[in-house]
Amino acid sequence: MSVFSALSAPRTREVGPRYKWLVLSNTTVGVVLASMNATSLIIALPVIFRGIHLDPLDPSNFPYLLWIMMGYMLVTAVLVVTLGRIGDMFGRVRLYNLGFAVFTLGGILLSVVWSHGSAGALELVLMRMFQAIGGAMLLANSAAIITDAFPSEQLGLALGTNMVAAIFGGFFGILAGGLLSQVGWRWVFLVNVPVGLFGTVWAYLKLKEIGVHIQAKVDWAGNVAFAAGLGMVLVGVTYGIKPYGHSLTGWADPFVLEMIFGGIALLIVFVLIELRVPEPMFRLSLFRNRAFTAGNVAQFLAAVGRGGMQFMLIIWFQGIWLPQHGYSFVDTPLWSGIYMLPWMGGFVLAGPIAGKLSDRYGARPFATGGMILSAGGYLALMAFPPNFAYVPFTIVMVITGVAMGLFAAPNTASIMNSLPARDRGVGSGMRVTFANAGMPLSMGLFFSLMVIGLNAKVPAAMYNGLLAHGVPAATAAPLAHQPPLGYLFAAFLGYNPLAKLLGPKVLAHLPAHQAATLTGRTFFPQLIGAPFKHGLVLILSFAVVMSLIAAVASALRGGRFVHEEAGSTIDHRGVRARAPAPAAGEDRPTQSGNGKVEDRGDRGDRGDRGDRGDRADRADRDSEQTGDGLGRPRHGRTRPRT
């Protein structure tokens, strides 16, 4: 059976009892691909930037570093809701499959970037944004496809397994990025292509449309307002890090202020549009559901609190800790990834366990506890000096990883379980939007706080350190007032910037041992260690506050809430799929099912679900008599599960 025939074949209503595991395995490949791509890129950025000959000490180049990562997140944040809605309308599997293909094509295009310098960096940013379109298709529909295929009592386990796969992809991406960057930076992108091709073909051949479809229109006005507003805010936050005039930051730059306040104004316009259009991009009525609202608020705050943390830890390892422990600057990118594996390992340990337990006891205790534990981990990180002992640092990294695992799978399962079948695509897109908007915002805020901390401490430390090693005051003074952003950029990319900043003429007039010390492995890390720690305390304090507020939001979600609808998923006794999309010549219903809602409080998952298929059949007949054609009871009643 060819991919073309699989794409054009009519939707089947018949699937076997093992279909849900096929769905999980294929979406897991997609998650592995996306996470491998992200971590390999972070680790390989130093080699990529050397390959395109981008100067890390030029502050004007720093936004390229952020936008290679943030551009991807921006595109996904903007598109996932609309792509989720399109999936609801035309088929979640169809759009998911296309996403696999687009993502893979993006990897190929990234590997053939042809320019150098800022032009090459801009091409990387644009190609990453194209790849993000495919990533958004995957993200918007994968959780909805899993929710269609799995019963609610197994959804947490399924999503937890999916998230563990993401961590495995992160592990592999770190190793692959470090090793492949030694061969050539283009291989960092090409390594994703075989996995993408395999996943694309497999998805087109095996996945089936079994979810509820709706008839709706795309909210173009809302999309434009949201994309422009969110993009302007992120541009403003990013360029606020750059120096402006005599200031070491750009927060007084009129362009930055215009972007931020103009973006906020457009987001307000977006909300007004959503309240008036008949088919909004954001289905605001979903926020009447407490479980959905609390889960998304907690997820957004958690993303803001931790989104930039990986970058801070990488800078800490690459620019400060590893050079002081004998590693050359060229080797620090690979080893920083290896030394951070315990952080991801904690996630691997906690993710599937928390997901499975949340199926029985509800998401609230695990997600709330995870956020409280995250706050404790961030507080513990404040106690470490710049040149820390690795074993206790590892313990804290594992704890923070466990905290993320406790939160992620139960919170995602809680959000998805709360959605009616007709809104799973758009609801999943809204969930991803909150996460993907929080992460780039976190990165911008974290780097801003770090620059503030460095600005307060670096000039004096740099001036005194250079004088102590024989550098003339006339040379040391202007170097001490260079924007610390360049030093931060250099630390992230594994550079010792002093050899270039001092230049061969200054170094030639210094005693040989002083010149060797200034350009060696330990002087620069020791110089910026204390200023970096000062900025890190600001960041960690902010992360603690965000985590605790997220814990409060999570606690307010209530007990275990499951919105179940007949016809929205397969019969899990293993016979048939209730696909609302008809074969050729049939009328297409907009929704099947009677919109039943289950709210079990904290009672857990009691009772035998073996009769679910029989109840679904009865509910189908009831909905034909009482429904309004949109899956709603005519009198607005919801019936509890019997």
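Calculation notes
- Numbering of residues starts from 1 in every chain and runs along the sequence as written.
- Two thresholds apply to this predicted model, a pLDDT of at least 70 for residue-level local features and 80 or more for giving and counting side-chain atom pairs, whereas whole-chain, interface and lining totals are computed over all residues.
- Side-chain numbers here rest on the full set of heavy atoms in the structure, without hydrogens or water.
- Helix numbering and strand numbering both begin at the N terminus, where a helix is a DSSP run of H or I of at least 4 residues and a strand a DSSP run of E of at least 2.
- Patch membership requires over 30% relative accessible area and the absence of a salt bridge. Like charges are linked within 9 Å, and nonpolar side chains (Val, Leu, Ile, Met, Phe, Trp, Tyr) within 5 Å.
- A 1.4 Å probe and the Shrake-Rupley method give the accessible areas. Residues count as covered only by the protein chains that appear here.
- The salt bridge criterion pairs a side-chain nitrogen of Lys or Arg with a carboxyl oxygen of Asp or Glu, the two atoms within 4 Å.
- Only the stretch in contact is used when fitting a helix axis, every axis being a line fitted to C-alpha atoms; angles between N-to-C directions are given from 0 to 180 degrees.
- Working rule for angles: under 35 degrees goes down as roughly parallel, over 145 as roughly antiparallel, 65 to 115 as roughly perpendicular, anything else as oblique.
- Handedness of a crossing is defined here by the sense of rotation of the near helix relative to the far one, left-handed for an anticlockwise turn of less than a right angle and right-handed for a clockwise turn.
- In this analysis, two residues are considered to be in contact whenever any of their non-hydrogen atoms come within 4.5 Å of each other.
- Polar here means any residue other than Ala, Val, Leu, Ile, Met, Phe, Trp, Tyr, Cys and Pro, which are nonpolar, and Asp, Glu, Lys and Arg, which are charged; Gly is therefore polar.
- Three labels apply to residues, based on accessible area from a 1.4 Å probe with only protein chains included: buried if under 20% of the type maximum, exposed if over 50%, partly exposed otherwise in between.
- Only the six-membered ring of Trp is used, alongside the rings of Phe and Tyr, when aromatic pairs are assigned; centres must lie within 6.5 Å, and planes under 30 degrees apart are stacked while those over 60 apart are edge-to-face, with the rest tilted.

A.B. asks: Help me understand unusual backbone geometry in this model?
C.D. replies: Excluding glycine, most residues fall at negative phi; most peptide bonds, likewise, are trans. For His53, which is not glycine, the phi torsion reads 60° and is therefore positive. Position of His53 relative to the elements: it lies in the loop between α2 (19-51) and α3 (62-90).

A.B. asks: Explain a nonpolar patch on the surface here, please?
C.D. replies: A surface patch of nonpolar side chains, amounting to about 650 Å² of accessible area, comprises Leu257, Phe261, Ile264, Ile268, Val271, Leu272 and Leu275. Tracing the backbone through its elements, the reader meets Phe261 in helix α10 (residues 254-276).

A.B. asks: Just to check I follow, could you spell out the packing of helix α15 (residues 364-382) against helix α22 (residues 523-555) for this structure?
C.D. replies: The relative placement of two packed helices is expressed as an angle between their axes plus a distance between the axes. Between α15 and α22, the least distance of the axes is 8 Å, while the angle of their chain directions is 165°. By the angle between their axes, α15 is roughly antiparallel relative to α22. Two packed elements cross with a definite hand, and for α15 against α22 that hand is left-handed. Contact residues: α15 offers Arg364, Ala367, Thr368, Met371, Ile372, Ser374, Ala375, Tyr378, Leu379, Leu381 and Met382, while α22 offers Lys533, Val537, Leu540, Ser541, Ala543, Val544, Ser547, Leu548, Ala550, Ala551, Ser554 and Ala555. Of the residues assigned to the contact of α15 with α22, the class counts are 16 nonpolar, 5 polar and 2 charged.

A.B. asks: Looking at this structure, I do not really get the environment of Gly370. What am I missing?
C.D. replies: Its place among the elements puts Gly370 in helix α15. By relative accessible area, Gly370 is classed as buried at 0%. Considered as a pair, Gly370 and Ile399 are 29 residues apart in the sequence and their alpha carbons are 9.7 Å apart. Setting aside residues up to four positions removed in sequence, Gly370 forms contacts with Ala403, Leu406 and Phe407.

A.B. asks: Hey, could you run me through the packing of aromatic side chains in this one?
C.D. replies: Applying the stated criterion across every chain, the model contains 25 aromatic pairs. Aromatic pair Trp316 and Phe393: ring centres 5.2 Å apart, planes at 80°, arrangement edge-to-face. With Trp316 in helix α12 (residues 309-321) and Phe393 in helix α16 (residues 390-417), this residue pair connects regions lying 77 residues apart in the sequence. When the ring of Phe446 is compared with that of Phe542, the centres are 6.2 Å apart and the planes differ by 85°; the resulting orientation is edge-to-face. One end of the pair, Phe446, is in helix α17 (residues 424-468); the other, Phe542, is in helix α22, with 96 residues separating them in the sequence.

A.B. asks: Looking at this model, I keep getting lost on the environment of Arg283. Mind explaining?
C.D. replies: Looking at the element boundaries, Arg283 is found in the loop between α10 and α11 (290-306). In sequence terms Arg283 and Arg85 are 198 residues apart; their C-alpha atoms lie 9.8 Å from each other. The contact partners of Arg283, leaving out residues within four places of it in the chain, are Arg85, Arg422, Asp423 and Met430.

A.B. asks: Explain the side chain of Ser111 to me, please; I cannot follow it from the model alone.
C.D. replies: Tracing the chain through its elements places Ser111 in helix α4 (residues 92-111). Among all residues touching Ser111, those that are not within four sequence positions of it are Arg186, Phe189 and Leu190.

A.B. asks: Whenever I open this one, helix α13 (residues 332-339) confuses me. Can you help?
C.D. replies: What sets the pattern is the α-helix's 3.6 residues per turn: residues three or four places apart point alike. The buried fraction of α13 is high, at 6 of 8 residues. Burial in α13 covers these residues: Thr332, Pro333, Leu334, Ser336, Gly337 and Tyr339.

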